[in-house]
Amino acid sequence: TCQLDKWAKAAGLKYFGTAVDNPALNNQGYMKIARDTDEFGSITPANGQKWSNTESSQGRFSYGSGDAIANIAKQTGQLLRCHTLVWYNQLPGWVSSSYSKDQMQRIIATHIQNVAGHYKGQCYAWDVVNEAVEDDGKMRQNPMYKAMGIDYITHSFKIAAQTDPTAKLYYNDFNIERCCNAKINATYDMIKTVKAAGARIDGIGMQGHSRVGKSPSKKELKDTMAKFSQVVDELAYTEIDIRHLKLPASAADNQQQAKDYLEVVGACLEAPKCVGITVWDFTDQYSWIPGQYSGEGEACLWDRSYNKKPAYSSIVSLL
Ligand code: XIL
């Protein structure tokens, strides 16, 4: 097998997916690959479903950007991983820290009922809450937490479950890949607490943004998944990219990158609850990395001219 999703399904996963962002939609070369169901069995809107895009002012909902990507999945039959309902980042300014617990509870409920309601039945999974824990294991002091404490997470998952009962509900975060750090332990505890309070959490999404040569090993990844498997039914790598720290990458650097990708993919294959892998875009042309980490990049499986890199071939030769 020589294409990613075909390969992933043959290997026992549910999908191999990619993020897609709106600026790429008018690029025909890009779209040919993004819509190729042998390459990608799942797509995720990179930005369109976030709070700042769906409810930039209170009570006024807009779905154009998210729909443009959801519609691809409708046409191709690809799964849609929906991303994300409650996150401190790309949060519109009006969701500020000045609300009471009751007010925030209503704000979150209205947001989720509308957005998850709009996409009801279309999402294989929803990243209901994103990035709620800090690296040191403390809860992130975002406006939702300030108003409600950890109850905001329980509340968000309960409303999501009521609104779209068939979507798998995920908690999603970064730096929870490599076993075991304070953030992983705190995430594990948080999931247990929220479930004990009566909410359904089906899965944990591990983003997996990492750096060539410093990326977690298969063993470290599997140890984390063994721990998380105690508290959820599904695990997934949701935003994989492995960036070079020095550009342009040499041939040797790209071989190392291929090894690093293989560790992640191998870990998912060997973890019984790992259902799939999503890359946070598949071509360096649209990767968010250079915009976020100045001087770093070339983190994807295809280069900016749409040549497949060694990391691509290493994945499809795993079988
Ligand atoms: C990123 C997008 O790719 C960028 O286009 C945007 O400017 C910022 O957000 N963790 C997440 C994703 O959960 O939503 C982020 O996506 C990358 C980090």
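For the protein chain, an unreviewed UniProt entry supplies the name Beta-xylanase and the organism Apodospora peruviana. Its UniProt record gives the protein chain a comment under Subcellular location (unreviewed entry), which states: "Secreted". Listed in UniProt under the heading Pathway (unreviewed entry), the comment for the protein chain reads: "Glycan degradation; xylan degradation."

1. Topic: the site of the ligand
In the neighbourhood of the ligand, the contacting residues comprise Asp21, Ala46, Asn47, Asn130, Gln207, Glu239 and Trp288. Here the shell around the ligand is composed, by residue class, of 2 nonpolar, 3 polar and 2 charged.

2. What about the UniProt feature "domain: GH10" (unreviewed entry) in the protein chain?
Summarizing the sequence annotation, UniProt attributes the feature "domain: GH10" (unreviewed entry) to residues 7–318 in the numbering used throughout. Across residues 7–318 one finds 39% helix and 17% strand; the C-alpha atoms that close the span lie 9 Å apart.

3. Looking at helix 7 (residues 151–163)
Between its terminal C-alpha atoms helix 7 stretches 18 Å, which fits the 18 Å expected from 13 residues at 1.5 Å a residue. The buried fraction of helix 7 is high, at 11 of 13 residues. Buried residues of helix 7: Tyr152, Ile153, Thr154, His155, Ser156, Phe157, Lys158, Ile159, Ala160, Ala161 and Thr163, and no others. Those residues of helix 7 hidden inside the fold are in contact with strand 3 (79–87), helix 5 (101–118), strand 4 (125–130), helix 6 (143–148), strand 5 (168–173) and helix 8 (182–196).

4. Description of helix 10 (residues 251–270)
Helix length check: helix 10, at 20 residues, gives a terminal C-alpha distance of 29 Å against a target of 28 Å (1.5 Å per residue), a fit within 8%. For helix 10, every residue scored as buried is listed here: Gln257, Ala258, Asp260, Tyr261, Val264, Val265, Ala267 and Cys268. The secondary structure elements touched by the buried residues of helix 10 are helix 9 (218–228), strand 8 (234–243), strand 9 (274–279) and helix 12 (310–316).

5. With respect to the nonpolar core
Residues Trp126, Val128, Phe157, Ala160, Leu169 and Val264 are the most contacted members of the largest nonpolar core, which totals 91 residues. When sequence neighbours within four positions are dropped, the list of residues in contact with Val264 reads Gly208, Leu221, Tyr237, Ile240 and Ile277.

6. Here's the deal with the packing of helix 9 against helix 10
The packing of two helices is summarised by the inter-axis angle and the distance between the axes. The geometry of helix 9 relative to helix 10 is characterised by a closest axis approach of 8 Å and an angle of 40° between their N-to-C directions. Of the possible angle classes, the one that applies to helix 9 and helix 10 is oblique. For the pair helix 9 and helix 10, the crossing hand works out as right-handed. Contact with helix 9, carried on its side by Lys218, Leu221, Lys222 and Met225, involves Glu263, Val264, Gly266, Ala267 and Glu270 of helix 10 and no other residues of that element. Tallied by class, residues from the contact of helix 9 with helix 10 come to 4 nonpolar, 1 polar and 4 charged.

7. Let's talk about the pairing of strand 2 (residues 42–45)
Burial along strand 2 is two-sided: the residues Ser42 and Thr44 and Ile43 and Pro45 are all buried. The pairing of strand 1 (residues 15–20) with strand 2 spans 4 bridges and is classified as parallel. Bridge assignment links Val20 to a residue of strand 2, and that residue is Pro45. For the handedness criterion, the β-α-β arrangement of strand 1, helix 2 (residues 28–34) and strand 2 is classed as right-handed.

8. Focus on the packing of helix 5 against helix 7
At a minimum axis distance of 9 Å, the contact between helix 5 and helix 7 shows a crossing angle of 35°. Classified by chirality, the crossing of helix 7 by helix 5 is right-handed. From helix 5, Met104, Gln105, Ile108, Ala109, Ile112, Gln113, Ala116 and Gly117 reach across to helix 7, where they touch Tyr152, His155, Ser156, Ile159, Ala160 and Thr163. A per-class count over the contact of helix 5 with helix 7 returns 8 nonpolar, 6 polar and no charged.

Here is what the cut-offs are and how they apply
- Residues numbered from 1 in each chain as written.
- Predicted model: local features only at pLDDT ≥ 70, side-chain atom pairs only at ≥ 80, totals over all residues.
- UniProt positions renumbered as here; feature names shortened; annotations may be inferred.
- Near = placed C-beta within 6 Å.
- Nonpolar A, V, L, I, M, F, W, Y, C, P; charged D, E, K, R; others polar.
- Helix = DSSP H or I, 4+ residues; strand = E, 2+ residues; numbered from the N terminus.
- Expected span 1.5 Å × (residues − 1).
- Buried ≥ 20, exposed ≤ 12 C-beta atoms within 10 Å, placed from the backbone.
- Contact = placed C-beta atoms within 7 Å.
- Core = buried A, V, L, I, M, F, W, Y, C linked by C-beta atoms within 7 Å.
- Axes fitted to C-alpha atoms, helices over the stretch in contact; angles between N-to-C directions.
- Parallel < 35°, antiparallel > 145°, perpendicular 65-115°, else oblique.
- Left-handed = near helix turned anticlockwise from the far one by under 90°.
- Pairing = 2+ DSSP bridges.
- Right-handed = clockwise from strand over helix to strand, strands pointing away.

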